[in-house]
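Coordinate inspection notes
Okay, here's what each chain looks like letter by letter:
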Amino acid sequence: MVERLAAEVSADHADGVLLAGVLRGSVPFLADLARAMSIRSRIDFLAIAPYSPGTGRVRLLKDLDLDIGGRDVVIVEDIVDTGLTSEFLCAQLSRRNPRNLSVCTFVDRPARRAAPLEPDYVGIEIPEEFVVGYGLDYEGRYRNLPVLATANSAVLKEDPDAYVAALYRF
Ligand code: 5GP
């Protein structure tokens, strides 16, 4: 899947690309994506404060260090869910006059979309299930699982460590 996405991104950006990873969930995906691409790339990161459900408010916690003016920029996300994060980031970054701006996400869950946002590059589309692993966490846990796994969010709410014993060897 990552190889397919890397080929798609590479084909569209012959002059190279700046990968803007959204901390922290995109890190494993971005690392694999960048290494699978056949074009020049720069890597930078930004972070947003989690919004409280219902308010739709998103805030920039850490900005990019690089200037994106005139560059081809791909925002790299772990998952596009409501789309509010990507919408906010696209609005922020497009003000800086990149030559081109697109969104690449490992996971897309269009069922809960609240913003009119369609990612340009999608690894996998999933139904309404909560997922962890490959960067995606639950209260900081499970990010380093090498696979994407569905999890029962009611179980996790009761005990965030519920799957730890089954997934990790001590
Ligand atoms: P948005 O709703 O703005 O599209 O996504 C916001 C963030 O919510 C994502 O970047 C991700 O960190 C988190 N998120 C959304 N759905 C899931 C999920 O199924 N599992 C996990 N672990 N995080 C999610």
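A brief report on the enclosed structure follows. All figures in this text were calculated on a predicted structure; none of them were measured in a lab.

**As for the packing of aromatic side chains**
The final tally for this structure, using the stated rule, is five aromatic pairs. Measuring from centroid to centroid gives 6.5 Å for F29 and Y134, while their planes differ by 55 degrees, and the two rings are tilted. Residue F29 is located in helix α2 (residues 27–36), and its partner Y134 is located in the loop between β7 (130–132) and β8 (149–151); the two are separated by 105 residues in the primary sequence. When sorted by exposure, F29 lands in the same class as Y134, which is buried. These aromatic residues form a ring-pair network of at least three members: F29, F106 and Y134.

**Concerning helix α1 (residues 2–12)**
Those residues of α1 lying buried are V2, L5, A6, V9 and S10. Along α1, the residues classed as buried sweep out an arc of 130 degrees about the axis, all on the same side. Counted as exposed and oriented over 90 degrees from the buried face of α1: E3 and A11.

**With respect to the sheet that holds strand β5 (residues 100–108)**
Strands sit in the order β3-β2-β1-β4-β5-β6 across an open sheet of six strands; the sheet is mixed. Taken across any chain shown, the strands that pair with only one partner, and hence form the sheet edges, are β3 (59–62) and β6 (121–125). Between one strand axis and the next, the sheet turns by 30 degrees as a mean value, whatever way the strands run. Summarising the sheet, strand β1 (residues 17–23) and strand β4 (residues 72–80) pair through four bridges and their orientation is parallel. Among the inter-strand pairings, L18 is bridged to a residue of β4, identified as V73.

The rules behind each value
Residues numbered from 1 in each chain as written. Predicted model: local features only at pLDDT ≥ 70, side-chain atom pairs only at ≥ 80, totals over all residues. Heavy atoms only, no water. Phe/Tyr/Trp six-rings, centres within 6.5 Å; stacked < 30°, edge-to-face > 60°. Helix = DSSP H or I, 4+ residues; strand = E, 2+ residues; numbered from the N terminus. Buried < 20%, exposed > 50% of the residue type's maximum accessible area, 1.4 Å probe, protein only. Arc of directions from axis to C-beta. Pairing = 2+ DSSP bridges. Axes fitted to C-alpha atoms, helices over the stretch in contact; angles between N-to-C directions.

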